[in-house]
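Below, each chain spelled out in residue letters.
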Amino acid sequence: MKEDSVAPTPVILGIDDLRPLPGVTRIARTSREGVQLLEEHRDVFIDELWLDHDLGGDDSIMPVVTLMEEAAFNGRPFRIGTVFVHSANPIGAATVVRSLTRWNYRVRRAVA
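Residues numbered from 1 in each chain as written. Predicted model: local features only at pLDDT ≥ 70, side-chain atom pairs only at ≥ 80, totals over all residues. Heavy atoms only, no water.

Asker: So what exactly am I meant to see when it comes to the overall build of the protein here?
Answerer: Along the protein, the regular secondary structure elements total three helices and five strands. The N-to-C order of helical and strand elements in the protein reads β-β-α-β-α-β-α-β. Taken over C-alpha atoms, the radius of gyration comes to 14 Å for the protein, in line with the 13 Å a tight globule of 112 residues would show. Along the first, second and third principal axes, the C-alpha set of the protein runs to 60 × 35 × 25 Å. Scored against the burial criterion, the 112 residues of the protein give a buried share of 42%. Long-range pairs, those at least 24 residues apart, make up 64% of the contacts in the protein with a sequence separation of at least 6. Of the charged side chains in the protein, 13 are positive and 16 negative, and the gap between their average positions amounts to 6 Å. (Helix = DSSP H or I, 4+ residues; strand = E, 2+ residues; numbered from the N terminus. Rg over C-alpha atoms; globule rule 2.2 N^0.38 Å. Buried < 20%, exposed > 50% of the residue type's maximum accessible area, 1.4 Å probe, protein only. Contact = heavy atoms within 4.5 Å. Lys, Arg positive; Asp, Glu negative; His and termini not counted. Charge placed at Lys NZ, Arg CZ, Asp CG, Glu CD.)

Structure below.
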């Protein structure tokens, strides 16, 4: 009897305070939740990571970006297929793209 192989469900994470982000498997609404979400997936390949720059009030994605930068600096970057930056803040989005690209993450500007 031949066993059917089932493709694993892609891991698609999103960090955004407002958007529903259809297709994501887990979503965080604050930078603190985003850091926790990434730490929970430390040893898992993340197919896609969707990031919004402004997360409401004084909160932004920068603590998550810092975590990713530090991981790369320490020689243990997060394993992520593509990081999509989808922000209405063009300066904030450019900062995220520039910061993560510098550490060899594959980053794309996107519209959510």
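Asker: Is there a simple way to explain helix 3 (residues 90–102) in this structure?
Answerer: For an α-helix the count is 3.6 residues per turn, leaving residues at separations of three or four pointing the same way. For helix 3, built from 13 residues, the straight-helix expectation of 18 Å at 1.5 Å per residue is met to within 8% by its first-to-last C-alpha distance of 18 Å. For helix 3, every residue scored as buried is listed here: G92, A93, V96, S99 and L100. The arc that holds every buried residue of helix 3, seen down its axis, measures 135°, which confines them to one face. Those residues of helix 3 that are exposed and aimed more than 90 degrees away from the buried face are P90, I91, R98 and R102. Buried residues in helix 3 make contact with strand 3 (46–51), helix 2 (62–73), strand 4 (80–85) and strand 5 (107–109). The opening residue of helix 3 is N89, an N-cap whose side-chain oxygen sits 3.1 Å from the backbone nitrogen of I91. (Expected span 1.5 Å × (residues − 1). Arc of directions from axis to C-beta. Polar contact = N/O pair within 3.5 Å; in protein donor to acceptor, adjacent residues only side chain to side chain.)

Asker: Sorry if this is basic, but what is going on with unusual backbone geometry here?
Answerer: Excluding glycine, most residues fall at negative phi; most peptide bonds, likewise, are trans. Backbone geometry places L21, a non-glycine residue, at a positive phi of 50°. Along the polypeptide, L21 turns up in the loop between strand 1 (12–15) and strand 2 (26–28). Phi is positive for N104, close to 70°, though the residue is something other than glycine. Assignment of secondary structure puts N104 in the loop between helix 3 and strand 5.

Asker: Sorry, what's going on with the pairing of strand 3 here?
Answerer: Consecutive side chains of a regular strand alternate in pointing toward one face of the sheet and then the other. Both strand 1 and strand 3 contribute to a ladder of four bridges, which runs parallel. Residue pairing across strands places G14 opposite W50, the latter belonging to strand 3. Relative to strand 4, strand 3 is paired through five bridges, and the arrangement is parallel. In the strand pairing of strand 4, L51 is matched with V85. In this fold, strand 3 hands off to helix 2, which returns the chain to strand 4; that crossover is right-handed. (Pairing = 2+ DSSP bridges. Right-handed = clockwise from strand over helix to strand, strands pointing away.)

Asker: Would you explain the sheet that holds strand 2 in this entry?
Answerer: The strands making up a sheet associate through hydrogen bonds between their backbones, and the pairing can be parallel or antiparallel. Pairing within the open sheet is parallel, and its five strands lie in the order 2-1-3-4-5. Strand pairing shows two members of the sheet lacking a second neighbour, strand 2 and strand 5, which therefore form its edges. With strand direction ignored, the average angle separating the axes of adjacent strands in the sheet is 20°. The pairing of strand 4 with strand 5 spans three bridges and is classified as parallel. Paired with V85 across the strands is R109, a residue of strand 5. Where helix 1 (residues 31–40) meets the sheet, it contacts strand 1, strand 2 and strand 3, and its direction lies at approximately 145° from that of strand 2. (Axes fitted to C-alpha atoms, helices over the stretch in contact; angles between N-to-C directions.)

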